[in-house]
Structure formats: C-alpha cells, structure tokens
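# Architecture and fold: a report
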Amino acid sequence: MIAHRIVSTVPFSGQKPGTSGLRKKVTVFQQPHYLENFIQAIFDSLEDSARQTLVVGGDGRFFNRPAVQVILKMAAANGFERCLVGQGGILSTPAASCVIRKYHAFGGLVLSASHNPGGPQEDFGIKYNIGNGGPAPEKVTDAIYTRTGVIDSYRILAAPDVDIDSLGQRILGDMTVEVIDSVRDYVTLMQNLFDFNRIRDFFRSGFRMRFDAMHAVTGPYARAILEEMLGAPVGTVMNAIPLEDFGGHHPDPNLVHACDLVQTLHGPDAPDFGAASDGDGDRNMILGRMSFVTPSDSLAVIAANAHLIPGYAEGLAGVARSMPTSSAVDRVALKKGIRVHETPTGWKFFGNLLDSGAVTLCGEESFGTGSNHVREKDGVWAVLMWLNILAVRRKSVAEILRIHWRGYGRNYYSRHDYEGIDSAAADAMMTHLRATVPGLADRRLGSFTVACGDDFCYTDPVDGSVSSRQGVRVLFTDGSRIVFRLSGTGTEGATLRVYVEKYEPDHTRHDQNTQETLAELVQLANTLAEIRERTGRTQPSVVT
Ligand code: VG1
Ligand code: CO
C-alpha cells in the first residue's frame, strides 16, 4: 500500500464558480497545484464522504485525461472507497448524473466547459454533482468557494497513472477504481422511458434524421441508440467521433455554430428531422425540414405531448423553467391544470423541485431540456422525446409547431448576447438597470406599457434558500418581457444576455419573422440599458 502524501501548495487563485462550476482556460488549470487545490477544496467541503463512492467523467476535451488521473489519486488519498470512471475518462453530463443515481454514489466530478471550445488554448471546467445526480446547490458551491480561500495543502497519492481505457477494476491505494462502459447505463435508462419499437418502425417506414454530435461527447451515445438500436442508417450521426478540440469548433448546438446541420435541413433532399447536442451532451437543438424549434417552444411542445411517451404516460406533476425562458410552457401548464415554477438560470435550481416530486419536466431557453429521469438537462433524451412524439403523431416538426401555436398562441422569443464586453462596463450597466427599471412601472414605452420592473429574486419552495439578483426584468402589460443578466459561464470579460419575448394569440399572425416581430422590444432594450453607449457595441455577437 502506498502512503498518502501531503503536498504544500500555492494559495488557490480561483474566482467564484459561476452558473455551472469552475470554468477557466486550460492554461489556468495547468498552473502548478491549481486543479489540485480546487479538488481538495471540494473534498474538504463534503461531509461524511469517507468510504463512499465517487463518479468521475468528462466530455473528453483537452486536459480531460490528466485531470482524471489527478482526481483519482486525490480521491484515493482523501478516503473514498470506490471511484466509478467512464471508459477513457468519458461520461456525458446526463450519463454522469444517471450513473451517480444508479449506483447510489456520494457524488461526482464532471469535467467539462460544456459548449465552450476545447484545446490547449481553450476552456476546461469542473463541476461537482451531489448524490441526487444534480449540480451542487449554492450552499455547497459557496462552501467550496470559501474553502478555496484558506486551503494550504492537498492530499494526493504518489502512484503511477491508472489504466482508464480498459473496463474493469483496479486498486489505487485503499481505493478501488472501476472503469465502466460510458454508454451502457444511460442507454438502459432511455430504453425504459421511450417506445424503442415504435421509433424503430418509424425509421423503417422511411423517416430520416441527422444528429450532429459536433465532435463532442454525444457521438458514442447517439450512435449506440440511433444507429445500432433504433436502426437509423449509418451516417445518421454526423461528426460522431469525439475530439479533444471538437474539430476546432464551438460544440454549441445553435443556429450559428451548428450551421452545417442547419444547411442540411434547409437543402435539397433535407431529412425530416435534425438535432444537435453540445460538448458535454446536456444541451439540444431541434430542427425540422426548413424549420427551427426554439428551446422554449420545445419545452412547451414536450410538455403538451409527454403523455404519449411510455415514461410519462401518467402525466406531469408540474413543470419548471428558468426565468428568462419564454412562458410558452406556462400556457400548457395552465391548460393541464399543473403548476409551473420559475427559477433562476442554471440547472441546480431544478434539483429540489425534481427531488420533492413537484415537477416532472424542466427547461431553459439556452437549449436545455430535461426531466426527473436524471438531475441534469439531457440532450439525447430531448431528441428521443421528439422522435417518440413524431413517431406517434406522424406529422412534420413544422406541423406540430403550427398546431401547438394554434392551441396555445405563440411566444415570439429571442436572446441577444454581447460577448467579451468590458467587465466594469457590464457591472455598471447592471447597476444602472437595477436603479432605473423599478421606476418604469406604468410608463408607456413606444407601443408597450410597462407593468413593472424588478431584479428577479427566488425563494426555493423546498429549502427556503433565497437567491437574489438573478436578472433584471421589465414586464409589459401585454405579457411581453425584456430580461437582462450577465453570464456566469464565460471565461473572457463579461457577457450580457438580453432576452426578449412577445406573446401573439392571433393565429393569423403566427408566420411572422421573429426578429422583425421583436425589433421594437430589442430597440427598447438597447435604450434602457444604454448598450451602445456603455459597451461600444452596435450589434450582438450571437442571436438565438
Ligand atoms: C448558460 C445558460 C444557462 C445554462 C448554463 C450552463 O449560463 O444561460 O441557462 O444553465 O449556461 O449550461 P450563463 O450564466 O452563461 O447564462 V451548460 O450546457 O454550459 O452546462
Ligand atoms: Co452543456
């Protein structure tokens, strides 16, 4: 047996982890002791973790493999009994959540910077998930952050690297390392939720789709499920091989970064259905032939049709959406007579609602949809949800959308991101908005009248914890909204997100262009936040 070694360290120089754990440039993580200090701060903040099981896996980006080795040696030195590691260090975020739950692990470390680019000069990230399989709640992340400020040593086993490429058990100090199939447990869970026979028949009848794995983690999952089990032709999954730098692209499933897929769905001989997922497999984009489903609409359509799916045949207990997500799902909930919860941005806020049984489905406007099957958003799950709905209803994506809007009205929606702006200017803008927006109540702005304005504050109905300053909102009397918030996941400067929404009940007006329909609200947002004056930007960097 190898003795534990205490290594003294340089003080941790990290900043507070943001929306989803700690995200930094790879070069930052490569600084001596940096990764080790953060991992030790996590381990120090956990209570009663001795002799427990830890799950470790990531999206395969550059630095994934060395990070796994460090984590294993530190877990062994910190008294864990067993580590379950995805083969090659690979686990998609939803698969990690699935494995934590299935094997009753104490928690897990998920290595990813999600949709941010990967490579030696790009991003890396670490997130701690708790025993329910979901991202650690704020009280845990706050404790980790506090610990990073005072930590002065970490525990690591002096041992050679562990073989993480072949399945099976190894011994590391007093700990067992079990290398597990990255895909199997997740696939089993999907089989239990969806009607695979029906979807297989659907493919056999000539239905065609393309799934863009963006050279990220979902390639092996999508191939196993779509091509091997559901019988979709080989080649259905494009960019299926995970690469450490995602082929040099942003593994971000939106209209900008998944442009090849978008073109395919708009080109001659377009397939019926298109979908993409992000770096770590928790996001999804849904496309039909010549059509795009906004994530907010996707959540609403899934909520309206969930009863058609075996895993949800008993109906939904309730739904939840992040505050900036459009209120399309609220209209479905109203008709179904179920509750809708409005939470701050970030999946961790759905955890208590899911655990307590208050909600079955959750979603965010940022291409995230999921359910109580795991405690993360789940890209491949969302695709199977749509596939199963399409296989039952036998209508095109565009028809399903049109019918949905006819029944519920349409929530025109868009998000405008201003990336890499000066942090001080961004903070000053938010201060300005917080000071001015409450005073807008009852004011007429263009063709809109302000109902009220505030800075969103959330009280968790389960544990009573309060999260304030979660986004400045301007609510209009016709249900339209503008929301401003700063990103918590960026690694360079600040990113301003402006979310605009306008409700249109009249079905003769459901074929308008989204940006044109929202143009006046976008203009108002620019004026209220003084975006041009404060950032020098006249255009957003990304529009989704
Ligand atoms: C963004 C999204 C948010 C999402 C988060 C993590 O956060 O807006 O909805 O939960 O990314 O997604 P922010 O703070 O940058 O707006 V993932 O796929 O990166 O884990
Ligand atoms: Co992600």
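Attention here is on the structure that accompanies the text. Note that this is a predicted model, so its numbers are computed, not measured.

## Examining helix H11 (residues 328–336)
In an α-helix, one turn spans 3.6 residues; hence positions three or four apart end up facing the same way. Within H11, the full set of buried residues consists of Ala328, Val329, Val332 and Ala333. Looking straight down H11, one finds that the buried residues subtend no more than 140 degrees of arc, so they occupy a single side. Along H11, exposed side chains directed more than 90 degrees from the buried face belong to Leu334 and Lys335. The secondary structure elements touched by the buried residues of H11 are helix H10 (295–305), strand S15 (318–322), strand S16 (339–343), helix H14 (397–408) and strand S19 (410–421).

## Considerations on helix H5 (residues 138–148)
Along H5, the residues that are buried comprise Val140, Thr141, Ile144 and Thr148. Burial along H5 is one-sided: seen end-on, the buried residues are contained in an arc of 95 degrees. Residues Lys139 and Thr146 are exposed on H5 and point more than 90 degrees away from its buried face. The elements touched by buried residues of H5 are helix H2 (34–45) and strand S6 (123–130).

## Concerning the sheet that holds S16
The 4 strands are arranged S16-S15-S17-S18 in an open sheet whose pairing can be described as mixed. Each having just a single partner strand, S16 and strand S18 (368–371) make up the two edges of the open sheet. Going across the sheet, the axis of each strand differs from the next one's by a mean of 15 degrees, ignoring polarity. Pairing between strand S17 (residues 361–364) and S18: 4 bridges, direction antiparallel. Counted as the bridge partner of cysteine 362 is glycine 370 from S18. Lying over the sheet, H11 contacts S15 and S16, oriented at roughly 165 degrees with respect to S15.

Thresholds, definitions, all that
Residues numbered from 1 in each chain as written. Chains lettered and ligands numbered in written order. Predicted model: local features only at pLDDT ≥ 70, side-chain atom pairs only at ≥ 80, totals over all residues. Heavy atoms only, no water. Buried < 20%, exposed > 50% of the residue type's maximum accessible area, 1.4 Å probe, protein only. Helix = DSSP H or I, 4+ residues; strand = E, 2+ residues; numbered from the N terminus. Arc of directions from axis to C-beta. Contact = heavy atoms within 4.5 Å. Pairing = 2+ DSSP bridges. Axes fitted to C-alpha atoms, helices over the stretch in contact; angles between N-to-C directions.

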